[in-house]
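Survey of secondary and tertiary structure
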Amino acid sequence: MKLQRMNRQAITLGALAVSGALALTACGSDDTGTSTGASASSGSTSSIKCDDAKGQLLADGSSAQKNAIDAWVKQFSTACGVQINYKGGGSGAGVTAFTQGTVAFAGSDSALKPEEVEASKAVCTGGQAIDLPMVGGPIAVGYNVPGVDNLVLDAPTIAKIFDSKITNWNDAAIKALNPDATLPDLKIQAFHRSDESGTTDNFTKYLIAATPDNWKYEGGKAWQAKGGQSASGSSGVAAQVKQTSGAISYMELSYAKDGISAASLDTGAAAPVQATVDNATAAIADAKVVGTGSDLALQLNYTTKADGAYPITLVTYEIVCDKGNKADTLPATKAFLTYIAGEEGQALLPDAGYAPIPADIISKVRTTIAGLS
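I will try to describe carefully the structure that is included in this document.

This part is about the overall build of the protein. Of the regular secondary structure elements, the protein holds twelve helices and 13 strands. For the protein, buried positions account for 57% of its 373 residues. Counted over contacts in the protein with a minimum sequence separation of 6, partners at least 24 positions apart contribute 74%. Element-wise, carbon and sulfur atoms account for 49% of the exposed surface of the protein, whose accessible area totals about 14800 Å².

Below, the structure written as structure tokens:
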């Protein structure tokens, strides 16, 4: 399937109804500051506002969003001359680095826990850390099974595979979902994340919600199920699937390529739902803001049965202080966040295999960024 989307298409989609809208409208926070005139990926003049941004920013966190961050950093650094070093060591590492005060912002695929917010007050003078939803996308169930290009799975089967209860690709449960496929007599090699990961958190939240009888674990960033093999980061599990016949894992969609296929999900909708940017956007549009104050943490609907809504989604948050950001990094942090939440930044996401944040939510993000201090 084609996972790439042209920026022009993304802008067109922005005119759709809110339920499927992509957040591609400008807001007041993008209208002030200094325009650089640097060239964007489309070849047109960039509208990135650098304001007083200078120096360098250190950041860490979600590996799932790293491909998006890399695309953004390339444009922003060219326009503003600011060096941004985003490590992408995983959501757990990012939150820890932020609460220890070693990074200007962090990325996490799950919202901050109360104890993490409390810990952040030590580095956010007079304020606290907040969650800003910035990147959406499907978590692909990526697999490498010779001769099988179109695989359908459902929540109970996925749960049993990752809990070592289904161990062969020609298992009766997989055959029932794929009557026309030639499934080999091949051992399943299930890989999970070895590091604390928001992708793991969201993937297991889906299993807990969609098939509680088959997934008895509490969930969280750390993997809890029995058996399987592990690798670090989204790139790590993707590399293992790519090189291992019979492998399967969960990863952000942009990593499911070059020899890795993504399974479609039988959700109870009229037809199996593919892992695509548009189908993830349809699911994320059903999310609710549950954060308080300037925190914009979302509650996703993992059990949707709507046609064309892919339920294994994640939203990556950029974590930053609402007040008390360090004076030497605040201008660059605000300028970068303003750019990535703006029309131009969000328009880059479909090309990288990600889903822009729906319009009503991203508008709140922009307003919050404008007020950071």
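Applying the stated criterion across every chain yields a total of two disulfides. The residue that forms a disulfide with Cys-50 is Cys-80, at a sulfur-sulfur distance of 2.0 Å. Disulfide Cys-50-Cys-80: the torsion about the S-S bond is -85 degrees, which places it as left-handed. Residue Cys-50 is found in the loop between helix H1 (7-13) and strand E1 (56-61), and its partner Cys-80 is found in helix H2 (residues 66-80); the two are separated by 30 residues along the sequence. Taken individually, Cys-50 and Cys-80 each receive the classification buried, so the pair is uniform in this respect. In this model, Cys-124 is linked to Cys-321 through a disulfide, with the two sulfur atoms separated by 1.9 Å.

Our next topic: the side chain of Ser-234. Note that Ser-234 resides in helix H8 (residues 233-243). Judged by relative accessible area, which is 1%, Ser-234 ranks as buried. Excluding residues within four positions of it along the chain, Ser-234 makes contact with Ser-63, Ala-64, Arg-193, Thr-199 and Tyr-255.

This part covers helix H9 (residues 277-284). Side chains that are three or four residues apart share a direction in an α-helix, a result of its 3.6 residues per turn. The element H9 is extensively covered by neighbouring structure, given that six of its eight residues are classed as buried. Buried within H9 are the following residues: Val-277, Asn-279, Ala-280, Thr-281, Ala-283 and Ile-284. At its buried positions, H9 is contacted by strand E4 (129-144) and strand E13 (313-321).

Across its twelve residues, helix H10 (residues 330-341) extends 16 Å between first and last C-alpha, which sits within 8% of the 16 Å expected from 1.5 Å per residue. The buried fraction of H10 is high, at ten of twelve residues.

About the cut-offs
Residues numbered from 1 in each chain as written. Predicted model: local features only at pLDDT ≥ 70, side-chain atom pairs only at ≥ 80, totals over all residues. Heavy atoms only, no water. Helix = DSSP H or I, 4+ residues; strand = E, 2+ residues; numbered from the N terminus. Buried < 20%, exposed > 50% of the residue type's maximum accessible area, 1.4 Å probe, protein only. Contact = heavy atoms within 4.5 Å. Areas by Shrake-Rupley, 256 points an atom, 1.4 Å probe, with all protein chains shown as cover. Disulfide = S-S within 2.5 Å. Expected span 1.5 Å × (residues − 1).

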